Amino acid sequence: MTAAPRMSPADGHLPNGHLMSRMPAVRGRLTADASLAPVTWFRVGGPAEVMFRPADADDLADFLAALPAEVPVTVIGVASNLLVRDGGVPGVTIRLGRGFTDIAANEMTLTAGAAALDLNVAMVARDAGIAGLEFLSGIPGTIGGALRMNGGAYGRELADVLVSATAVAHDGRRLEFSHAGMGFTYRHSAVPEDCIFTGAVLRGEPGNPLEIARRMAEISDKRADSQPVRSRTGGSTFKNPEGHKAWELIDRAGCRGLSIGDAQVSEKHCNFLINNGTATAAQLEALGEEVRRRVFETSGVTLEWEIKRIGVPAAEGAAQ
């Protein structure tokens with residue numbers, strides 16, 4: 001097989017001094033001023049100064065090894081639990097694509113790329129008769145995101161099924177983490193933020209494909225009944241504080257249906273923020289902060305954001 005040619009970032013249409021001119025040659029795709037709003041579930045946010053979609057893990061490692069150390073790097077997945085601020089994301093935004101979506105079953109383990117959708121992993125497990133991974137069908141993200149935040153739903157989390165994970169460090173080194181090395185806690189992994197996950201090995205147990213399918217259907221029905229799955233949303237907004245459920249605290253604080261412009265606390269599930277049309281990232285974030293303020297005022301509990309917020313406000317983005 002002939003290797004794909006390496007792409008040069010040179011582009012005469014870019015302004016002098018644009019970060020794109022400092023990018024290493026790659027086999028994947030480099031895009032200047034790439035629009036991010038269309039790929040986020042909220043459908044808001046400014047552009048990525050440079051977007052890089054690596055061809056594979058080698059391309060990613062070579063790129064990071066050659067990238068100037070002072071250039072900031074941000075990683076996004078399918079942006080289902082992400083709020084991109086209106087000024088965009090400075091530096092390089094990396095989004096893993098087809099080269100990281102493979103899923104393979106081997107006895108009771110699954111090997112999955114970091115860009116593989118959690119739902120697709122659950123479906124491959126179902127077809128292979130591997131039980132215990134059904135909960136992944138209720139997480140609208142990728143394996144990379146689940147690794148980063150110990151994603152969980154319906155009584156299970158990734159820590160329950162992970163064997164090991166692979167990643168690329170900020171300097172291009174290839175790394176492997178054991179289960180213990182992940183440092184999992186509730187909605188958190190202790191792996192340094194500048195490590196980019198590339199894949200994982202998960203383990204389940206023998207199961208009947210029909211029973212697994214039934215459980216996945218139950219999860220799908222529960223999501224549709226309790227969450228605003230057809231709205232422009234970002235998933236669960238806040239982590240559940242110890243001993244509490246975030247949605248109950250938000251409801252008691254009188255925030256169900258609260259809005260700022262077209263940003264609204266969901267009537268259906270008040271731990272979800274939704275964009276009813278023309279909300280900005282600033283309005284969504286301000287609404288979240290107002291919810292946090294009211295919850296603290298009524299309960300003394302400080303809610304922590306579960307949604308990841310990246311980028312800069314609009315004024316800062318315009319000044320760059």
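Scroll up to find the structure this text is about.
Residues numbered from 1 in each chain as written. Predicted model: local features only at pLDDT ≥ 70, side-chain atom pairs only at ≥ 80, totals over all residues. Heavy atoms only, no water.

> Explain the sheet that holds strand β17 (residues 263-265) to me, please; I cannot follow it from the model alone.
For sheets, the rule is that strands pair by backbone hydrogen bonds, running either parallel or antiparallel. As summarised here, the arrangement of the four strands in space is β15-β18-β17-β16, forming an open sheet in which the pairing is antiparallel. Pairing within the sheet leaves two strands with one partner each, and these edge strands are β15 (232-236) and β16 (259-260). Where β16 lies against β17, two bridges are found, and the strand directions are antiparallel. Directly across from I260, in β17, lies its bridge partner A263. Contacting β16, β17 and β18 (272-275), helix α6 (residues 281-299) crosses the sheet at an angle of about 30 degrees to β17. (Pairing = 2+ DSSP bridges. Helix = DSSP H or I, 4+ residues; strand = E, 2+ residues; numbered from the N terminus. Contact = heavy atoms within 4.5 Å. Axes fitted to C-alpha atoms, helices over the stretch in contact; angles between N-to-C directions.)

> Looking at this structure, I do not really get the pattern of salt bridges. What am I missing?
Pairing of side chains with opposite charge becomes possible as their charged atoms draw close. What the rule picks out here adds up to 21 salt bridges. Put simply, R85 and E285 hold a salt bridge, and the shortest N to O gap is 2.9 Å. Taken together, the residues R85 in the loop between β4 (82-84) and β5 (89-95) and E285 in helix α6 connect sequence positions 200 residues apart. Measuring nitrogen to oxygen at the nearest pair gives 3.1 Å for the salt bridge that ties E211 to R214. With E211 and R214 both in helix α4 (residues 209-226), this residue pair falls three residues apart, about one helical turn. Each of R85, E285, E289, R292 and R309 takes part in salt bridges that share partners, so that together they form one network. (Salt bridge = Lys/Arg side-chain N within 4 Å of Asp/Glu carboxyl O.)

> Can you help me understand the packing of aromatic side chains in this one?
By convention here, two paired aromatic rings are described through the distance between centres and the angle between planes. Tallied over the full model, the rule gives two aromatic pairs. When the centroid spacing of 5.1 Å and the interplanar angle of 55 degrees are considered together, the rings of F238 and W305 count as tilted. Residue F238 is found in the loop between β15 and α5 (246-252), and its partner W305 is found in the loop between α6 and β19 (308-310); the two are separated by 67 residues along the sequence. Both residues of the pair, F238 and W305, belong to the buried class. (Phe/Tyr/Trp six-rings, centres within 6.5 Å; stacked < 30°, edge-to-face > 60°. Buried < 20%, exposed > 50% of the residue type's maximum accessible area, 1.4 Å probe, protein only.)

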